[in-house]
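Single-letter residue listing:
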There are 2 protein chains.
Amino acid sequence: MKTLTVDLGERSYPIHIGPELLGAGELIAAALPTPRAVIVTNETVGPLYAQRLAEGLEAAGIKVVARTDLPDGEQHKSLATLETVYDRLLESRADRQTAVIALGGGVVGDLAGFAAATYQRGVPFVQVPTTLLAQVDAAVGGKTAVNHPRGKNMIGAFYQPRVVVADMDTLATLPDRELRAGFAEVVKYGLIRDPAFFAYLEEQAPAILGRDPGALTEAVYRSCRNKAEVVAADEREAGQRALLNLGHTFAHAIETGTGYTDWLHGEAVAAGMVMAAETSRRLGFLSENAVTRTRALLERSGLPVAGPAGLSTDRYLEIMGVDKKAAGGRVRYVLLEDIGRAFVTAEVPEATVREAIEACR
Amino acid sequence: MKTLTVDLGERSYPIHIGPELLGAGELIAAALPTPRAVIVTNETVGPLYAQRLAEGLEAAGIKVVARTDLPDGEQHKSLATLETVYDRLLESRADRQTAVIALGGGVVGDLAGFAAATYQRGVPFVQVPTTLLAQVDAAVGGKTAVNHPRGKNMIGAFYQPRVVVADMDTLATLPDRELRAGFAEVVKYGLIRDPAFFAYLEEQAPAILGRDPGALTEAVYRSCRNKAEVVAADEREAGQRALLNLGHTFAHAIETGTGYTDWLHGEAVAAGMVMAAETSRRLGFLSENAVTRTRALLERSGLPVAGPAGLSTDRYLEIMGVDKKAAGGRVRYVLLEDIGRAFVTAEVPEATVREAIEACR
């Protein structure tokens, strides 16, 4: 097991990463004010892992007063599903000290986290991410949210967990496609701030995607360390945290434009990062070689480097115009000036963005 | 105009109190990052005051991109109404910098504040309270929430405004009954931590309830100063902020037990404070004379000092058992040891609570 700390003063918390952690209830018990918890999971993950988690918690003295298995899928990351979680918390008489434990991927973590942030104005929250995407991104850093028909993550809060437990064993049942989608966010850390990690991934991608436990633990650990450093420096995305959105403005257009169904988030991010790289190269910030390396790593990993065929460039721009990252009406882009060095700018001509999108067809 | 500051580090903010402030848009403009705002008000207050507020904002360079008049009443402080606010914000393309300005009483402020706290994970928020209750309590301190059928303020967040503007002129149209209900919270500050203010109120209650502008400004100012000091010391209610809940555990039982319809919040707080005083006296903490002074001031001000006739003592206790202020399953009470000195304890025999409730019939 490897452990790192997200340094946020009195709200600092540990992230434990490794195999065989699901039953290690003492890791969670150590972070809770009272020995009571509710597990929020989904219909896919719950039957596989909730019992092992609950047994570990009970063995560590934590009473699990309720468990709720939400329907699986991004389309259920809604205010309607959120209300069912509130109802369950109230039914089980959860009080201000009762912890909410999210067991699942990003949808479960984001929604349960927002429920924890807002139930009685905030109760203790624990993340037990079971997908690679959630382990390296969603579960770390305190962004919680639900979707609105008009846009992803439109309703949410910044709310930090008390502890994150990432058990590599839960990745055993993750479909290959989802493992690859999570890998897109791993690559992102290399691209925005860690060139040595990017080089490591160019070498180790086959081992990671082949689920080698050592390679997985290392990839998750180095991803979380990067994210933790960014979050510690800029919890509320006033500055460098925005760099974590590399590719995401394009990705949100892909996801919204295709109705949140055909594309996994990580797949959209992969294509979006190529669009960001193409934009960067056209503006003279990024070398052709760096774009090629980026495309090559993603492609070799089975990730898309082109957007959806049916989505017109006009539609991309229309959606990006209302993207919540827009400040004062202007769209801000995360661009690259090298592998391992990103920056934010609003000085991007529309024509260049159009060309970059067209270059990814 | 009197101004005080709620001292919360980089989230500190001013409270401006006085007559003729509604049109002083520059007080709000000075606190906003970009000159765009949405006004959230209700069908009663909107027609009376929203135009003057909007004109003052426009004159100060703030563009009001939308206004929404919610239905009036505590029963509309719901998730359903909240969704209509989210819809309106999205329709008007409000971005992360667009401010939400709450114009109204506690219901509008709590609900609009929760919308501001959670729309795109938090946008700038401004309170323009138009009832005495909201001016001395709800608008100050950053508690936001909506109700759930199972309990008041069950869903919410701690989220501070950028500025509070309390215009005494808006109290001109406030019904007498609501003015008195707000006065209950004014009395509360005297009871929990300011004996000189309590004595001032014993003398000035007729002038305040007679809407003398000077007396009103002074009462609101001294109330806000007390609340600001408490909030600065304990923003998230880990300690002394709980003292602000004097009478509120009983009051919530009254409100929940009567379906949130017959009793105004301040009226329930008045009766609840008498119950807390009666509990304190029975346990030997408070003198008979102090109880008498408390009852006398509230009664002279036209406030109830007895609970609803139809609510059984068993039902009080049942509701109080699930009250969200319960920690670890035990109910914590705010009690008095003198006028101007309160404390929190969970060491209260059920029989004593029963007697205190019975003493207020």
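Nothing here was measured: the structure is a model prediction, and the numbers come from that model. (Residues numbered from 1 in each chain as written. Chains lettered and ligands numbered in written order. Predicted model: local features only at pLDDT ≥ 70, side-chain atom pairs only at ≥ 80, totals over all residues. Heavy atoms only, no water.)

A. Structural detail: the relation of the copies chain B and chain A. Overlaying chain B with chain A gives an RMSD of 0.0 Å, the required rotation being 180° about an axis along which the chain moves by 0.0 Å. This pairing of chains is accounted for by a two-fold axis. (Least-squares fit on C-alpha atoms with pLDDT ≥ 70 in both.)

B. Quick peek at the side chain of Thr-170 of chain B. Tracing the sequence through the fold places Thr-170 of chain B in the loop between β9 (163-167) and α6 (176-193). With residues up to four places along the chain from it excluded, the contact list for Thr-170 of chain B reads Leu-22, Tyr-49, Pro-129, Thr-130 and Gln-135 of chain B. (Helix = DSSP H or I, 4+ residues; strand = E, 2+ residues; numbered from the N terminus. Contact = heavy atoms within 4.5 Å.)

C. The domain arrangement of chain A, seen in detail. All names here are of chain A. Parsing chain A into structural domains produces domain 1 (2-173) and domain 2 (176-358). Computed over C-alpha atoms, the centres of domain 1 and domain 2 are 25 Å apart. If you look at the interface, domain 1 gives 32 residues, while domain 2 gives 33 residues. For the pairing of domain 1 and domain 2, the buried interface totals around 2,900 Å² over both sides, and the portion due to carbon and sulfur atoms is 66%. Among the residues of domain 1 in contact with domain 2, Leu-132, Val-136 and Lys-152 are the three that bury the most area, contributing 22% of the side total. (Domains from an automatic or database assignment. Buried area = accessible area lost by both parts, 1.4 Å probe.)

D. Quick look at unusual backbone geometry. All names here are of chain B. Of note in this structure, Gln-120 is not a glycine but carries a positive phi near 50°. Inspection of the secondary structure assignment puts Gln-120 in the loop between α4 (106-118) and β6 (125-129). The phi angle at Arg-121 is positive, at roughly 65°, despite the residue not being glycine. With respect to the element layout, Arg-121 can be found in the loop between α4 and β6.

E. Layout of the environment of Thr-68 of chain A. Residue and element names in this part refer to chain A. With respect to the helices, strands and loops of the structure, Thr-68 is situated in strand β4 (residues 63-70). By relative accessible area, which is 10% here, Thr-68 ends up buried. Through-space distance from the C-alpha of Thr-68 to that of Ala-50 is 10.0 Å; in sequence the pair is 18 residues apart. In this view, Thr-68 contacts Ile-39, Val-40, Thr-41 and Arg-88; residues no more than four positions away in its chain are not counted. (Buried < 20%, exposed > 50% of the residue type's maximum accessible area, 1.4 Å probe, protein only.)

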